[in-house]
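If you want the building blocks of each chain, they are given just below.
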Amino acid sequence: YNELYGALNAANIQSGAALIQNPQNGQVLALVSFPSYDNNLFVSGLSEKEFKSLFESKSRPLFNRVISGLYNPGSTIKPLMGLMTLEEKIFKPSDTIRDCISLTVPNQFDTSVSYVFKNWREEHGLFNLRRAIANSCNIYFFIAGGGTPMGGQGFGNIKGLGIEKIAEYLMLSRADKLLGIDLPGEVKGFVPTPDWKEKTRGEPWYQGDTYNISIGQGDLLVTPLWLNSYISGIANGGIVYKPQIGQRVVDDKKNDVNVFPKEELLRLPFGNDVISDIKSAMEETVLSGTAKLLQNLPVRAGAKTGTAEVVKGRSVNALFAAFAPYENPEISITVLIEGASSNQGLAIVVADNVLKWYFGNTLQTQ
């Protein structure tokens, strides 16, 4: 709470959220949503001013962004896209593309018109899946998800997963379903499909739509809770557990009245070797990629950064997900900074500070 509040306040940003779970059982160890509010206001009754600040404010302080907020996951979806890519053998782990700069896509109905899909920065060299996750290469995932445009553009003729297969795996991973956390207000994510687009917008599904979904943009929406739960599944070897706030009910003498055991929701629909490869790629993100800030932790960690554009050129949501220790994860953390003016790295700084505090205290007491 303190770390996220401090980061938001320093950047003059109102909204954000963060969640920590135990990947081994789904237990929620910490959950914060900003703007926040004081529960004590409800004890003696609200003044008119207090009522308006809680119920009429555009910043919605009573809205729990962790379980009720729907966001583009941005690049934090790439580990899941990597699982699909290896499982469907679109690429082998050793397969590479050259340079991560841009992809030009001709309009399928008018080849005189083309669209350029750019990486978030220009990077040269060979990119296999490990480096693509570590450096968050959009071009690799455009191709893995939507295939190469007509002619291959120097990348070869690659079919790609296609939107039907991507949507199928997202749904199998419960991106569009409730996880059943024991709090009111959880909402389902949304997985777009060609049928949905045709029915609701009267438009066909374009290859560019698939490219956008492949990097967590477009119409794909998920909750931070789901994002943290699927990352937890990668961390623990493939199991997504039901998120739990309550551990037990006790009587006035602290005797157990009811104990809530861990509950397995699903096994991620990927082979053990595939999950192991992606988990390792997430560690590479810390070792050489976009999460090098975490290198100073006293334990090994895996991570993925993400940025989702909200208002083009003006506002982004910054996301960061991580787990540690790598070998036997104790915590998985997701941080969301909502509506930043740029990708200021606030989400990763918050997570890094919390992880340093946690593992610093944990290791000292062992």
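Preceding this paragraph is the structure being described.
Because the structure is predicted, anything quoted here is derived from the model rather than measured.

Student: Mind showing me how you'd approach the overall build of the protein here?
Tutor: Summing up its helical and strand segments, the protein has twelve helices and eleven strands in all. Against the 2.2 N^0.38 benchmark of 21 Å for 366 residues, the protein shows a C-alpha radius of gyration of 21 Å, consistent with a compact globule. Viewed in the frame of its principal axes, the protein has a C-alpha envelope of about 70 × 50 × 35 Å. Pairs at least 24 apart in sequence give 65% of the contacts found in the protein among residues at least 6 apart.

Student: Can you help me understand the nonpolar core in this one?
Tutor: Nonpolar side chains in soluble globular proteins tend to be buried together. Counting residues in each nonpolar core, the largest one holds 68 residues, and the members touching the most others are L80, M84, I97, Y140, L170, W226 and F270. With residues up to four places along the chain from it excluded, the contact list for L170 reads I77, L80, M84, A175, V191, L220 and W226. In this structure, V32, L346, A347 and V354 belong to the second largest nonpolar core, which totals 33 residues.

Student: Teacher, can you tell me more about unusual backbone geometry here?
Tutor: Only a minority of non-glycine residues have a phi that is not negative, and only a minority of peptide bonds are not trans. The amide bond that connects F34 to the next residue, P35, takes the cis arrangement and shows omega of 0 degrees. With respect to the helices and strands, P35 occurs in the loop between β2 (28–34) and α2 (48–55). Residue P325 follows A324 across a cis peptide bond; omega there is -15 degrees. Structurally, P325 is set in the loop between β10 (315–324) and β11 (331–340). One non-glycine residue, K89, lies in positive phi territory at about 60 degrees. In this structure, K89 sits in the loop between α4 (78–87) and β3 (97–106). Despite not being glycine, R174 shows a phi value in the positive range, around 65 degrees. For R174, the position within the fold is in the loop between α7 (163–172) and α8 (194–201). Residue class for R174 comes out partly exposed when judged on its relative accessible area of 22%.

Student: Just checking my understanding: could you explain the side chain of N135 for this structure?
Tutor: Relative to the helices and strands, N135 resides in the loop between α5 (129–134) and α6 (138–146). There is a polar contact of 2.9 Å between the side chain of N135 and the side chain of E123. Those residues in contact with N135 that sit more than four places away from it in its chain are W120, R121, E123, F127, S288, G289 and T290.

Student: What's the story with the environment of R174 in this structure? I'm lost.
Tutor: Counting along the chain gives 66 residues from R174 to V240, while the straight-line C-alpha distance between them is 9.4 Å. Beyond its immediate sequence surroundings of up to four residues, R174 is in contact with L179, W226, L265 and L266.

Student: Teacher, can you tell me more about the state of the cysteines here?
Tutor: Any covalent bond linking the sulfur atoms of two cysteines counts as a disulfide. According to the stated counting rule, one finds one disulfide in the structure shown. Bridging C100 to C137, the disulfide has an S-S length of 2.1 Å. Here the disulfide of C100 and C137 is right-handed, its torsion about the S-S bond being about 110 degrees. Of this pair, C100 sits in strand β3 while C137 sits in the loop between α5 and α6, and the two are 37 residues apart along the sequence.

Student: How should I be thinking about the packing of aromatic side chains in this particular structure?
Tutor: The relative placement of two aromatic rings is captured by the distance of their centres and the angle of their planes. Following the criterion strictly, the structure yields twelve aromatic pairs and no others. Here the aromatic rings of F117 and F142 are separated by 5.6 Å at their centres, their planes lie at 75 degrees, and the arrangement is edge-to-face. Remark: F142 occurs in helix α6 and F117 occurs in strand β4 (residues 114–127); sequence separation between them is 25 residues. Accessibility classification places F117 together with F142 in one group, the buried group. Each ring, one from F190 and one from W196, has its centre 5.0 Å from the other, and the planes form 65 degrees; the classification is edge-to-face.

Student: It is not clear to me how a nonpolar patch on the surface should be interpreted in this structure. Could you clarify?
Tutor: Judged by side-chain polarity, Y37, F42, F51, F55 and L62 come together as a nonpolar surface patch covering roughly 450 Å² of accessible area. Note on placement: Y37 falls in the loop between β2 and α2. Owing to a relative accessible area of 34%, Y37 belongs among the partly exposed residues under this scheme.

Calculation criteria
- Residues numbered from 1 in each chain as written.
- Predicted model: local features only at pLDDT ≥ 70, side-chain atom pairs only at ≥ 80, totals over all residues.
- Heavy atoms only, no water.
- Helix = DSSP H or I, 4+ residues; strand = E, 2+ residues; numbered from the N terminus.
- Rg over C-alpha atoms; globule rule 2.2 N^0.38 Å.
- Contact = heavy atoms within 4.5 Å.
- Core = buried A, V, L, I, M, F, W, Y, C linked by side-chain atoms within 4.5 Å.
- Buried < 20%, exposed > 50% of the residue type's maximum accessible area, 1.4 Å probe, protein only.
- Polar contact = N/O pair within 3.5 Å; in protein donor to acceptor, adjacent residues only side chain to side chain.
- Disulfide = S-S within 2.5 Å.
- Phe/Tyr/Trp six-rings, centres within 6.5 Å; stacked < 30°, edge-to-face > 60°.
- Patch = residues over 30% accessible without salt bridge, like charges linked within 9 Å, V, L, I, M, F, W, Y side chains within 5 Å.
- Areas by Shrake-Rupley, 256 points an atom, 1.4 Å probe, with all protein chains shown as cover.
- Salt bridge = Lys/Arg side-chain N within 4 Å of Asp/Glu carboxyl O.

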